Amino acid sequence: MRNSIIIVICCILLSACTKTKSNESTLKDALNGKFLIGTAINIPQTFGIDTLGVEIVKKQFNAIVPENCMKSMFLQPEEGNFYFDEADKYVAFGETNNLWITGHCLVWHSQAPAWFFIDENGNDVSREVLIERMRNHITTVVSRYKGRIKGWDVVNEAIMDDGSWRQSKFYQIIGEDFIPLAFQFAHEADPDAELYYNDYSTAIAAKCEGIVNVVKTIQEKSLRIDAVGMQGHLTMDFPAIEDFEKSLLAFSALGVKVMITELDLTVLPSPNNFAGADVSANFDFKKELNPYSDGLPEDIELKQQNRYADFFKLFLKYQDKISRVTLWGVTDNDSWRNDWPIPGRTDYALLFDRNSQPKPIVNEIIQLAKGKE
Ligand code: G3I
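Residues numbered from 1 in each chain as written. Predicted model: local features only at pLDDT ≥ 70, side-chain atom pairs only at ≥ 80, totals over all residues. Heavy atoms only, no water.

Draft legend 1. View of the packing of aromatic side chains. Taken as a whole and assessed by the stated rule, the structure comprises 15 aromatic pairs. Ring geometry for F82 versus F84: centroids 5.6 Å apart, planes at 5 degrees, classification stacked. Ring centres of F84 and Y145 lie 6.0 Å apart, and the angle between their planes is 80 degrees; on these two criteria the pair is classed as edge-to-face. Of this pair, F84 sits in the loop between α5 (72–75) and α6 (85–96) while Y145 sits in the loop between α7 (127–144) and β4 (151–156); the two residues are 61 residues apart in sequence, bridging distant segments of the chain. Taking relative accessible area as the criterion, F84 reaches 9% and is therefore assigned buried. Every member of this aromatic cluster is reached through a ring pair, and the members are W115, F116, F117, W165, F170, Y171 and F178. A cation sits over an aromatic face here: K207 above Y200, 3.8 Å from the ring centre. In this structure, R354 packs its charged tip against the face of Y348, placed 5.0 Å from the ring centre. (Phe/Tyr/Trp six-rings, centres within 6.5 Å; stacked < 30°, edge-to-face > 60°. Helix = DSSP H or I, 4+ residues; strand = E, 2+ residues; numbered from the N terminus. Buried < 20%, exposed > 50% of the residue type's maximum accessible area, 1.4 Å probe, protein only. Lys NZ or Arg CZ within 6 Å of the ring centre and 35° of its normal.)

In structure tokens:
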């Protein structure tokens, strides 16, 4: 009788322990040794104001990227006047919490200050001047965080969906060379930092081909490039997972790593079947395009969970080719998806809900990573 009681107590204790252990599993523990799991962080998190958000970052993730504070319009709003307060805080946050720190982004057509491309009369500057401005910006920023920021999104979104060059000021004034030059300047400023090319809608075959050519050009010049960032701004039906897989393999075949850099999954209807992440897109608010302002129906939540799981299955399948998967924000409250391409909507694009609670997908990813599904 006494033995039976002891056995029963042991069983209860064992089951309690197992249960606690499984509840305590985190994304970063489960994915340890496979790829880094990161998140973009915003200013309230960087400054520790969003304490619940910070808790999630510390517990679940081992890599961070700054959602906004390192864009050139914030870092150098006027020529020669650099503003590093927020970026310094961001890097300190990463160091304090032992996180892989990425810098985002050195050269991007968007969020660049207007002065960057024009002279005192408002005319486009010469090729030489723009190269010099680009060199100065990259050198100043990368040198400041030398040895501390582990990898940089050097060039962001230079190729259009049809594979052609984006007609940015960088392209129009400098020409195709602006990309290898940017990689050269970044490498000179911190030879140990990893360097990345980052873009959205990379699953579109023509765009993938355009990016492959960019990477080849960098490599042909014997310049450093470590990875292609496939921004994962997904919708419920774009892209097809097979297309995403094809692009992932095409980038990996170049001998670089692949990173999923800006993962989120909108559940909202898109105006005119609009996908991608062109920040300049803007459509009028219509009530019917904001159907879940009072909560997400269970069937849609499940559909989203399954689609997220399918993508994580793909990432795990290619864990030898992928170095990092980064969510574009911590909770649904933080997501840029609430305001793009229509301001003021209620989206549910991330892994943690508006109450800072993990969605069921978090545990599903953990189980997938442990090989349990
Ligand atoms: O800084 C101003 C602030 O002073 C003002 O009070 C506030 C009022 O709206 O706006 C602030 O600027 C906003 C900024 O985010 C910081 O919050 C801009 O209006 C807004 O356009 C900007 O949006 C960001 C967007 O990039 C443009 O930089 C999004 O948060 C950010 O998620 C998004 O991230 C991009 C990646 O960098 C590149 N890939 C696509 C991705 C999604 O668009």
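Following the structure, the description resumes.
Draft legend 2. Spatial organisation of the site of the ligand. Neighbouring the ligand are 15 residues; E67, K71, H104, E157 and E262 lie closest to it. At 2.8 Å, a side-chain N or O of E157 approaches a nitrogen atom of the ligand. W328 places a polar side-chain atom, nitrogen or oxygen, 2.9 Å from an oxygen atom of the ligand. Grouping the amino acids of the shell around the ligand by side-chain chemistry returns five nonpolar, six polar and four charged. (Near = heavy atom within 4 Å. Polar contact = N/O pair within 3.5 Å; in protein donor to acceptor, adjacent residues only side chain to side chain. Nonpolar A, V, L, I, M, F, W, Y, C, P; charged D, E, K, R; others polar.)

Draft legend 3. Up close: the pattern of salt bridges. Using the criterion set out here, one finds 15 salt bridges in the structure. Residues R337 and D264 are paired through a salt bridge, measuring 3.1 Å at the closest nitrogen-oxygen approach. Of this pair, R337 sits in the loop between β9 (322–327) and α13 (360–369) while D264 sits in strand β8 (residues 257–265), and the two are 73 residues apart along the sequence. Overall, the relative accessible area of 3% leaves R337 in the buried class. It is possible to trace a salt-bridge network through shared partners that takes in D161, D199 and K207. (Salt bridge = Lys/Arg side-chain N within 4 Å of Asp/Glu carboxyl O.)

Draft legend 4. Looking closely at the packing of α7 against helix α9 (residues 178–189). α9 packs onto α7 with a crossing angle of 35 degrees between their chain directions and a minimal axis gap of 8 Å. Between α7 and α9 the crossing geometry is right-handed. Each of I131, M134, R135, I138, T139, V142 and S143 in α7 lies in contact with α9, whose residues at this interface are F178, L181, A182, F185, A186, E188 and A189. (Axes fitted to C-alpha atoms, helices over the stretch in contact; angles between N-to-C directions. Left-handed = near helix turned anticlockwise from the far one by under 90°. Contact = heavy atoms within 4.5 Å.)

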